[in-house]
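Structure assessment
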Amino acid sequence: MISFEGYNDLIEKVYQSGNEHVFAFWDSLTIDQKRHLLQELSLINFDELNALYALTKKQVVPMEFEPAPFTRLPQTPEEYKEFEKARLIGIDTIKAGKVAAFVVAGGQGSRLGFDGPKGVFPIGPVSKKTLFQIHAEKIKAYEIKFGIDIPWCIMTSEANHTATVEYFENNNYFSLNKSKVFIFKQNMLPSLDEHGKLILESPYSIFRNPDGHGGSLTALHQSGTLEELLKLGIEVLSYFQVDNPLVKIIDPVFIGFHVLHNAEASSKTLKKAYPEEKIGVFVKFTNGRVGVVEYSDMPQEKLYEKDENGNLRYLAGSIAIHLFNTKFIESITKGNITLPFHVAKKSIPQYTMNGTINITGYKFEKFVFDALPLTDHNFILETIREEEFAPVKNKTGVDSVDTAQELMINLYKKWLVQKNIPVPKVVEKIEISPLFAVESDDIPDFLALPQQKEVYIS
Ligand code: UTP
């Protein structure tokens, strides 16, 4: 057994856990590298790892459930009236400075294969503006529209934190009030190989992954951001994912309904396009609580089940747009209620005598929607897919850069059509800067578009 002053108890624990292979390169390490490895190991809770590995052997059987009720898009005059009432209450809540934005951007973006934080990916179909810039400009636009500052929380992870902070610094926080942009890291935890053992990422470090978007609630608390928000009088956090350029970050109707329903958390839903679409669905468990069941955990018969009208019974898909009350987050994080971990079998780089190879292993992640069943009151609102959901997950194909840009272009065209502004036939790509308009109503009545293939309205 190796030894190192001050760390011998830890070393013994590592051997006892059957992870002595992490010392395979010990003799070739410098003193600093040895200390680095030991410090990383000292942060690992080996009992927790065993419990996590046990999850890989357990079949997930979701509790019995039925479809969750949701508020559909307005169709009747009464429903339109309700939506208008919600909009006005939402505007009051926003103008009272009670709402902040919260983007989760700590993911590894492995499917996109982009070198750098996903938020720095240039998504603007004409402008090539990045996801972060588009989100920042939307927030700026809402600030101007509602005459207030909107704090913005950005969750990163170890791998992209520094690059994210530098990006915002270099771009002067896109004219937002820097003191109200909170960038903080989520926790990481070790991934395991197929035998439940730690994986070396380099001769002196352990491969770890961020603890999932569900780690965001803990990270808000641990970073001190939640406390800052409470001090600022923020009551509602508008949660979204960095890879959705269409998200309406501050939506008065959604916020108004959330307030009207006295909800601790609210979510947006859209109708699943087809049974196999890889999004979770909103359900109501037998204990009466509402939650989301992941696509992969849906029993086959339920995935295809139809109602009496021939529509999918489990139709309400989750698009990871939520509102969370800061008091609710405080109650679960201070009460040490942890969200459960889920297992994902993925390709993981492992450092070996022959260099780095990819092995199949397990990553453990928390999902933010597991907070929903912890609420006493929550609310689900239907939204229009084309207006709010353009996930950038893959390089090509489904949910890719191409599909997201096409959806963006189509939405901007739709806004112009709604304003009776003609789009010349020659125009192939069109993009509207959020600083010009975040919705169709912001566009002036008379706007003439140039006869160009690519048009950027700013
Ligand atoms: P995804 O699950 O799509 O993961 O994250 P990803 O990292 O973007 O991409 P892949 O799966 O590696 O290809 C959905 C959202 O949740 C955030 C991501 O940044 C994205 O906004 N996320 C995910 C985190 O903030 N932390 C995590 O640990 C995981």
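Residues numbered from 1 in each chain as written. Predicted model: local features only at pLDDT ≥ 70, side-chain atom pairs only at ≥ 80, totals over all residues. Heavy atoms only, no water.

Our focus in this paragraph is the sheet that holds strand β16 (residues 355-366). Reading across from one edge, β6-β16-β15 is the order of the three strands in this open sheet, with antiparallel pairing throughout. A strand with exactly one partner marks an edge of an open sheet, and here the two such strands are β6 (192-193) and β15 (341-352). Sheet topology note: the β6/β16 ladder contains two bridges and is antiparallel. Directly across from D193, in β16, lies its bridge partner G361. Along the sheet, helix α3 (residues 46-55) contacts β6, β15 and β16; its crossing angle with β15, the most-contacted strand, is approximately 110 degrees. (Pairing = 2+ DSSP bridges. Helix = DSSP H or I, 4+ residues; strand = E, 2+ residues; numbered from the N terminus. Contact = heavy atoms within 4.5 Å. Axes fitted to C-alpha atoms, helices over the stretch in contact; angles between N-to-C directions.)

Counted by the stated rule, this structure contains 23 aromatic pairs. Residues F4 and W26 carry aromatic rings whose centres are separated by 6.1 Å and whose planes lie at 85 degrees to one another, so their mutual orientation is edge-to-face. Placement of the pair is F4 in the segment before α1 (8-16) and W26 in the loop between α1 and α2 (31-42), with a sequence separation of 22 residues. With a relative accessible area of 12%, F4 lands in the buried category. Measuring from centroid to centroid gives 5.7 Å for Y167 and F174, while their planes differ by 50 degrees, and the two rings are tilted. Each member of the aromatic cluster is reached from another via a ring pair, and the members are F132, W152, Y167, F168, Y173 and F174. (Phe/Tyr/Trp six-rings, centres within 6.5 Å; stacked < 30°, edge-to-face > 60°. Buried < 20%, exposed > 50% of the residue type's maximum accessible area, 1.4 Å probe, protein only.)

On to helix α5 (residues 131-146). If you check α5, its first and last C-alpha atoms are 23 Å apart, about what 16 residues at 1.5 Å a residue would give, namely 22 Å. For α5, the buried fraction is high: 13 of the 16 residues fall into the buried class. The positive-phi residue at the C-terminal boundary of α5 is G147, with phi of around 70 degrees. (Expected span 1.5 Å × (residues − 1).)

Glancing now at α1. Along α1, the positions that sit buried rather than exposed are L10, I11 and V14. Each buried residue of α1 lies within a common arc of 100 degrees when the element is viewed along its axis, so the set occupies one face. Within α1, the exposed residues directed more than 90 degrees away from the buried face are D9 and Q16. The positive-phi residue at the C-terminal boundary of α1 is G18, with phi of around 80 degrees. (Arc of directions from axis to C-beta.)

This part takes up the packing of helix α4 (residues 77-95) against helix α9 (residues 252-260). Following both chains from N to C, one finds α4 and α9 inclined at 90 degrees, their axes separated by 6 Å at the closest point. Taken together, α4 and α9 sit at an angle that is classed as roughly perpendicular. Counting all contacts with α4, which are made through E82, F83, K85, A86, R87, I89, G90, I91, T93 and I94, the residues of α9 involved are P252, V253, I255, G256, F257, V259 and L260. Broken down by class, the residue content of the contact of α4 with α9 amounts to 11 nonpolar, three polar and three charged. (Parallel < 35°, antiparallel > 145°, perpendicular 65-115°, else oblique. Nonpolar A, V, L, I, M, F, W, Y, C, P; charged D, E, K, R; others polar.)

What follows covers unusual backbone geometry. A positive phi is found at N172, a non-glycine position, where the angle reads about 50 degrees. Within the secondary structure, N172 sits in the loop between α6 (161-170) and β4 (181-185).

This paragraph deals with the side chain of Q241. Turning to its location among the elements, Q241 is positioned in strand β10 (residues 236-241). Once you skip the residues sitting within four places of it in the chain, Q241 turns out to touch V103, V104, H135, H213, A320 and K393.

As a further point, take the site of the ligand. Close contacts around the ligand come from 18 residues, with V104, S110, R111, Q186 and K393 the closest. Between the ligand and V104, the relevant distance is 2.7 Å, taken from an oxygen atom to a main-chain nitrogen or oxygen of the residue. Between an oxygen atom of the ligand and a main-chain N or O atom of G212, the distance comes to 2.8 Å. Of the residues belonging to the shell around the ligand, the class tally is five nonpolar, nine polar and four charged. (Near = heavy atom within 4 Å. Polar contact = N/O pair within 3.5 Å; in protein donor to acceptor, adjacent residues only side chain to side chain.)

In this section: the pairing of strand β2 (residues 99-104). Counting buried positions along β2 yields six of six residues, so the element is predominantly enclosed. The alternating pattern of β2 places V99, A101 and V103 and A100, F102 and V104 on opposite faces, both of which are buried. Relative to β10, β2 runs parallel, the two being bridged by six bridges. By the bridge assignment for β10, A100 is matched with L237. In this sheet, strand β3 (residues 152-156) lies alongside β2 in parallel orientation, the contact comprising four bridges. Directly across from A101, in β3, lies its bridge partner W152. Where the polypeptide runs from β2 across α5 and back to β3, its parallel neighbour, the crossover connection is right-handed. (Right-handed = clockwise from strand over helix to strand, strands pointing away.)

On to the nonpolar core, then. Judged by nonpolar contacts, the single largest core of 45 residues is most densely connected at F132, W152, I154, F168, I249 and I250. Broken down by element, this core gets its largest block of residues, six residues, from α5. Setting aside chain neighbours within four positions, we find I250 in contact with I94, V99, Y142, F146, I150, S238 and I255. A68, M155, A316 and A371 belong to the second-largest nonpolar core, a separate cluster that totals 32 residues. (Core = buried A, V, L, I, M, F, W, Y, C linked by side-chain atoms within 4.5 Å.)

Strand direction decides the pairing type here: β15 and β16, joined by 12 bridges, are antiparallel. Each bridged residue has a counterpart across the sheet, and for S347 the counterpart in β16 is T360. A loop of two residues connects β15 with β16, the two strands running antiparallel in sequence.

On to the pattern of salt bridges. Counted by the stated rule, this structure contains 26 salt bridges. Note that K145 is salt-bridged to E439, the shortest N-O span being 2.6 Å. Taken together, the residues span a long stretch of sequence, with K145 in helix α5 and E439 in the loop between β18 (429-432) and β19 (454-457) at a distance of 294 residues. The partly exposed category is assigned to E439, whose relative accessible area is 34%. Close ionic contact of D445 with K419 constitutes a salt bridge, the shortest N to O distance being 3.0 Å. Of this pair, D445 sits in the loop between β18 and β19 while K419 sits in the loop between α13 (401-418) and β18, placing them 26 residues apart in sequence. (Salt bridge = Lys/Arg side-chain N within 4 Å of Asp/Glu carboxyl O.)

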